[in-house]
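The chain contents come next:
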Amino acid sequence: MYKGLERLDLDKRLLYVRNILIFSLSFLVVGLVYFQLIKADEYVGLASGNRLRMIRLLPPRGNIYDSSGVPLAVNVRTFDIKSYPMDLRLDEDFEGVASLFARHGIPMTPEGLREIVEKQYVAPYRAVSVATNLTLAQVSDLVMDPGFGQGLFPSPVWRRIYPGGSLMAHVIGYVGEITREDLETQRDPYYQGGDIVGKNGIEAVYEEQLRGTVGDQVVEVDSRGRRLRDVNYNDPLKGNDIKLTIDMATQREAARLLEGRRGALVAMDVNNGAVMAFFSSPAYDPNPLTWGISSKEWSALLGDSARPMLNRVMSGSYPPASTFKVVTAAAALMENVITVRTSFFCPGNFQLGPQNFRCWRRSGHGRESLIGALRDSCDVYFYQVSVKLGIDKLTKWAKDLGVGERTGIDLPGESRGNIAGREWKRSRHKEAWYQGDTVNYSIGQGFLLMTPLQIARTYAAFANGGRLVTPRLNAAKPPEWTDVKISKAHIDSIRAGLREVVRVGTGRVAGGYGVEVAGKTGTAQNQHRNDHAWFVGYAPANDPKYVVAVLIEEGGSGSSVAGPLVGQMLAYLDRHGK
Amino acid sequence: MLSESSYSWGEIRKGLDWPMLIAILALFALGLISIYSAGAGVRRSTAGYAVRQLVWGALSLLAYVAVLRIGYQNFLKQSYLIYALAFFMLCVLFMLGTTTRGALSWFRFGSVGFQPAEFGKAALVLFLSRFCHRYPPDVPKHMAGALALSGIMVIMILLQPDLGSALVYGSIIFAMITAAGAPGKYLGGLAAAGIAAMPFFWSSLKAYQKLRLVVFLDPYIDPQGAGYNVIQSRIAVGSGGLWGKGFLHGTQGRLHFLPEPHTDFIFSVFAEEFGFVGGVIVIVLFAFLFWRLLRAAFRTKDARGKLLCVGVSAWIWFQVMESVAMSMGLAPITGLPLPLFSYGGSSLLMEFFGLALVQSVAISPARDKFASIT
């Protein structure tokens, strides 16, 4: 019969196990006797004089270059004065150091110093920067002072400068000290207080690539904080360089064209999305921001009524106005609502129930078909088309052409614009969508908003035969696009219309600069103010390479103000064979 | 099925080993104090760890009571299933686990992590209690079966790789088959085989693991790397002296010289602040706990219950030995938590679960008496 375990004398073995488990613990007690009683004095001494200090060695960031190798963001050496929090504990310490700096013309108060130390604090034996951005002359002056010592030491550091100044501010962005919030929310514990991170632009988007690898140095010091010897040293590693698609000379031309105006200019390769000029006016100089500016200067910059910090190319949203007519046309053609020969009569206005919609030309255009309607920018033609098409089909094609979606450019803070439509109006205004809204929508007015970058991208899709490319600034980033699926014949019709615009239509002023341009004007209504002026065009008209979009805030009529700027920029790009 | 061997409140009250429970709660309370102290660094302070540990402690206590109500017999009935589940979880983890500190050892649900290796310890104890009872390892065939079936779990743990937990599993297996009657010559052979396998095992380790294993022999071969922890922990313990520096006055912990003060080096934090006296109190509390755990084994007539007590004791014992010895630099750094002490939800929960099974064994003889009266 099965008896199992009961046949064994289990309890005898249990006794062994119990004795071993319990008496083996005495080994631990012996250990404690040795370390805590016999060797206690030695370890108390080691603990009170823990003499190891750590210094974090920040690496130089990777450089940023333009497409021809001109440096746009580089590093220069300056000096920091560092110290250890464990050597700065008493009020006298803070007062002594602050008065030392004050004696040598570096403004500092004990309270300010305490704040600086708190902000960077990690551990008492980890060095913090007490003063930053000192020149070699300032440092040698300080070191000679008999009051220098007591745990203070100079340390070379890298500072970021932007040789292009305000020219590239909206592209490159700037760097600055990491904030408390960023430190607390960072996923990988790479950063520490006092570290420099990209705050905007390319500097922020490619932070991980540019930042490099920090090094560290562990030193042993004596009881007065003087260094005795290096215990460990790991070199910091420089970050990776980045080369942009933009060329500095083209950018300078863009800045020249926009000088004295509030607006944006963006130029892009229609086939691969490489951005060739990207300028928002007015711009700001990023250099003071990286070296640290006072909160007064900062709020002055933010409060400026011309809004220099606003990146109008991709964060400014405006009604696209007549530049949107190509989208209405493409949607109507693809949905078979019209053909290229369908014509409507424009008497100068359009009556929809009780509502009267005017054409920009009061006297009317007479009978117009697609190419003529684009050429003359006839509003009534597109009113008629939109009523037949309906809002849902129109927004579907608008979405496919990039309206209401971020372009995906490698910069932070891009605006989505607003594609509006039925659902949007219901949730936002608690109102149904009326046919009158569709009529307004067809000529790019009403709730519709786009950024200059979005418009450039939409036109690039017509110019390159139907591919919606993703704009990119990093030359190493592979081109990306999606196929919009508009038939070749329809694209050709629209392009024929855009060519007529510049040849004989509303956009003649964009021609005559030495390259054949195709494009579209736009005049966006701006409540109580002067209208915003648009022009977007591509060249050469028969084999497009570049697209340029210009928006001038309160510029008035698109054709007279924005048209010549686009013409000149396209001519410049063509002439220099970029 | 459940009702016949589950326990009523009256039975639990009657049979509960109060001294055992009080020792457990005392150790948890001392751990909580240390976790609070470890979090309260100079100028960068957080009570977050202590609060979370308190919440986990409350949850664990609920689980403890639930286990007492259900009764260890019901867990033994399902032990093969539980063991298979633990094995399955380790396999899944091996395939898709999230990486923390170079080792695959966590399931993450939002901010809550779960370590299957901890669950596996309890599963292994339950499994071997039943298996060694049915197939006593005094014959080679049975012993080989026990070793093979428990060995695959150890291999999964080693694959993670989690050396510390694998050693815990090893000590559980060794203690349980010893108690279950494996002849001395087999046990000797097993120990010899283990020693013989060391060189193969060593060559399979990654460089950082090797370094962590040897630095305790001479921490000064790498004073700023792997040896740093050993040196700083030894300074913490040693500088505690006879009476310690007092609660919240440990400089090593508060000045951030100690790495991972709330988990791996929790005993160092405690020993720095409460000294030799405090350290000995903790060790005596653990010794008392082992005595009560094995007292339950002596008093039950159920051989499976006896083995279960041995398994849980061996599990807790190994982690105490390793964690305390490590804090003095007398054992390699393996990252094992000090039971009931270290911060960590899933390890605390599983320790309470294992200890509840033993408490349930302690309660069971009272029922037998109760039954004989009626």
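Given the structure is predicted, the values throughout are model-derived calculations rather than measurements.

**Details of the overall build of chain A**
Part 1: Assigned secondary structure in chain A consists of 21 helices and 21 strands.
Part 2: Scored against the burial criterion, the 578 residues of chain A give a buried share of 55%.
Part 3: Here the analysis covers contacts within chain A between residues at least 6 apart in sequence; of these, 71% occur between residues at least 24 apart.

**Examining the overall build of chain B**
Part 1: Along the backbone of chain B there are 16 helices and three strands.
Part 2: Burial status across chain B gives 59% buried among its 374 residues.
Part 3: In chain B, once contacts between residues fewer than 6 apart in sequence are set aside, the share between residues at least 24 apart is 74%.
Part 4: Looking at chain B as shown, the accessible area adds up to about 14,600 Å², and 71% of this sits on carbon and sulfur atoms.

**Quick look at the interface of chain A and chain B**
Part 1: Each side of the interface is counted separately: chain A has 47 residues, and chain B has 59 residues.
Part 2: Put simply, chain A and chain B have one salt bridge between them.
Part 3: For the salt bridge of Asp11 of chain A with Lys306 of chain B, the shortest nitrogen-to-oxygen distance reads 2.8 Å.
Part 4: For the pair chain A and chain B, the number of links is eight residue pairs in polar contact (both at pLDDT 80 or more).
Part 5: For the side of chain A that touches chain B, the secondary-structure elements that each account for two or more residues are helix H1 (10-38), helix H2 (40-48), strand E1 (52-57), helix H4 (110-120) and strand E9 (227-234) of chain A.
Part 6: Among the elements that make up the side of chain A that touches chain B, the one with the highest residue count is H1 of chain A (20 residues).
Part 7: Its residues placed into classes, the side of chain A that touches chain B shows 34 nonpolar, six polar and seven charged.

**A closer look at the pattern of salt bridges**
Part 1: Inspection of the entire model under this criterion finds 28 salt bridges over all chains.
Part 2: Where Arg499 of chain A meets Glu516 of chain A, a salt bridge forms, and the shortest distance between an N and an O atom there is 2.9 Å. In this pair, Arg499 of chain A is assigned in helix H20 (residues 488-503) and Glu516 of chain A in the loop between H20 and strand E19 (518-524), connecting sequence segments 17 residues apart.
Part 3: With its nearest N and O atoms 2.6 Å apart, the salt bridge here joins Glu272 of chain B to Lys245 of chain B. Of this pair, Glu272 of chain B sits in helix H14 (residues 266-299) while Lys245 of chain B sits in the loop between helix H12 (226-240) and helix H13 (251-254), placing them 27 residues apart in sequence.
Part 4: For Glu272 of chain B, a relative accessible area of 1% translates into the label buried.
Part 5: Residue classification places Lys245 of chain B among the partly exposed positions, given a relative accessible area of 26%.
Part 6: One continuous salt-bridge network, built from bridges that share partners, spans Arg262, Arg312, Arg529, Glu553 and Glu554 of chain A.

**What to know about the nonpolar core**
General note: in soluble globular proteins, nonpolar side chains tend to be found buried as a group.
Part 1: In terms of nonpolar packing, the biggest core is built from 126 residues, with Phe278 and Tyr441 of chain A touching the most fellow members.
Part 2: With nine residues, the top contributor of residues to this core is helix H21 (residues 558-575) of chain A.
Part 3: In this structure, this core is formed jointly by two domains, domain 1 (52-243) and domain 2 (248-575) of chain A, each of which donates at least three residues.
Part 4: Once residues lying within four places of it in the same chain are set aside, the contact partners of Tyr441 of chain A are Phe324, Ile391, Leu394, Thr395, Ala398, Ile419, Ala420, Gly421, Trp433 and Leu448 of chain A.
Part 5: In this structure, Ile12, Ala179, Leu187 and Ile363 of chain B belong to the second largest nonpolar core, which totals 113 residues.

**Observations regarding the packing of helix H9 (residues 163-179) of chain B against helix H10 (residues 184-203) of chain B**
All names here are of chain B.
Part 1: Interhelical geometry of H9 versus H10 gives an angle of 165° and a closest axis separation of 11 Å. Our classification of the angle between H9 and H10 gives roughly antiparallel. As H9 packs across H10, the resulting crossing turns out to be right-handed. Taken together, the residues of H10 that come into contact with H9 (itself represented by Leu163, Phe174, Ile177 and Thr178) are Leu187, Leu190 and Phe201.
Part 2: Broken down by class, the residue content of the contact of H9 with H10 amounts to six nonpolar, one polar and no charged.

**Quick look at the state of the cysteines**
Part 1: Taken as a whole and judged by the stated rule, the model has zero disulfides over all chains.
Part 2: Looking at Cys359 of chain A, it has no disulfide partner, and the nearest cysteine sulfur is the one in Cys346 of chain A, 4.0 Å off.

**A look at the packing of aromatic side chains**
Part 1: Summed over all chains, the structure comprises 28 aromatic pairs over all chains.
Part 2: Ring geometry for Trp433 of chain A against Phe447 of chain A: centres 6.0 Å apart, planes inclined by 55°, an arrangement best described as tilted. Linking Trp433 of chain A in the loop between helix H17 (422-429) and helix H18 (435-442) with Phe447 of chain A in the loop between H18 and helix H19 (452-463), this pair joins segments that are 14 residues apart in sequence.
Part 3: In this structure Trp433 of chain A comes out as buried when scored by relative accessible area, which is 10%.
Part 4: Classification of Phe447 of chain A as partly exposed rests on a relative accessible area of 25%.
Part 5: Geometrically, the ring pair formed by Phe131 of chain B and Tyr135 of chain B is tilted, given 5.0 Å between the ring centres and 45° between the ring planes.

**Considering the sheet that holds strand E20 (residues 532-539) of chain A**
All names here are of chain A.
Part 1: With antiparallel pairing, the five strands of this open sheet are ordered in space as E12-E11-E21-E20-E19. Each edge of the open sheet is held by one strand with a lone partner, namely strand E12 (275-281) and E19. Each strand of the sheet is rotated relative to its neighbour by a mean of 5°, with strand direction disregarded.
Part 2: The sheet contacts of helix H10 (residues 248-257) involve strand E11 (263-269) and E12, and relative to E12 the element is tilted by about 30°.

**A short note on the confidence of the model for chain B**
Part 1: Considering every residue of chain B, the mean pLDDT works out to 85; 86% of them sit at 70 or more.
Part 2: For this predicted complex, the interface score ipTM comes out at 0.90, while the overall pTM is 0.61.

**Here's the deal with a nonpolar patch on the surface**
Part 1: On the surface, Tyr34, Leu37 and Ile38 of chain A together with Leu242 and Trp243 of chain B cluster together into a nonpolar patch covering about 550 Å² of accessible area.
Part 2: Secondary-structure assignment places Ile38 of chain A in helix H1.
Part 3: Owing to a relative accessible area of 59%, Ile38 of chain A belongs among the exposed residues under this scheme.

**A look at unusual backbone geometry**
Part 1: Cis peptide bonds are those with omega within 30 degrees of zero, and the linkage from Ser281 of chain A to Pro282 of chain A qualifies with 0°.
Part 2: In this structure, Pro282 of chain A sits in the loop between E12 and helix H11 (287-291).
Part 3: Going from Ala539 of chain A to Pro540 of chain A, the amide bond is cis rather than trans, its omega being -15°.
Part 4: Positive phi values are uncommon outside glycine, yet Ser377 of chain A reaches one of about 55°.
Part 5: With respect to the helices and strands, Ser377 of chain A occurs in the loop between helix H14 (370-376) and helix H15 (379-389).
Part 6: For Leu340 of chain B, which is not glycine, the phi torsion reads 70° and is therefore positive.
Part 7: Given the relative accessible area of 1%, Leu340 of chain B is considered buried.

Conventions and cut-offs
- Residues numbered from 1 in each chain as written.
- Chains lettered and ligands numbered in written order.
- Predicted model: local features only at pLDDT ≥ 70, side-chain atom pairs only at ≥ 80, totals over all residues.
- Heavy atoms only, no water.
- Helix = DSSP H or I, 4+ residues; strand = E, 2+ residues; numbered from the N terminus.
- Buried < 20%, exposed > 50% of the residue type's maximum accessible area, 1.4 Å probe, protein only.
- Contact = heavy atoms within 4.5 Å.
- Areas by Shrake-Rupley, 256 points an atom, 1.4 Å probe, with all protein chains shown as cover.
- Salt bridge = Lys/Arg side-chain N within 4 Å of Asp/Glu carboxyl O.
- Polar contact = N/O pair within 3.5 Å; in protein donor to acceptor, adjacent residues only side chain to side chain.
- Nonpolar A, V, L, I, M, F, W, Y, C, P; charged D, E, K, R; others polar.
- Core = buried A, V, L, I, M, F, W, Y, C linked by side-chain atoms within 4.5 Å.
- Domains from an automatic or database assignment.
- Axes fitted to C-alpha atoms, helices over the stretch in contact; angles between N-to-C directions.
- Parallel < 35°, antiparallel > 145°, perpendicular 65-115°, else oblique.
- Left-handed = near helix turned anticlockwise from the far one by under 90°.
- Disulfide = S-S within 2.5 Å.
- Phe/Tyr/Trp six-rings, centres within 6.5 Å; stacked < 30°, edge-to-face > 60°.
- Pairing = 2+ DSSP bridges.
- pLDDT = per-residue confidence, 0-100.
- Patch = residues over 30% accessible without salt bridge, like charges linked within 9 Å, V, L, I, M, F, W, Y side chains within 5 Å.

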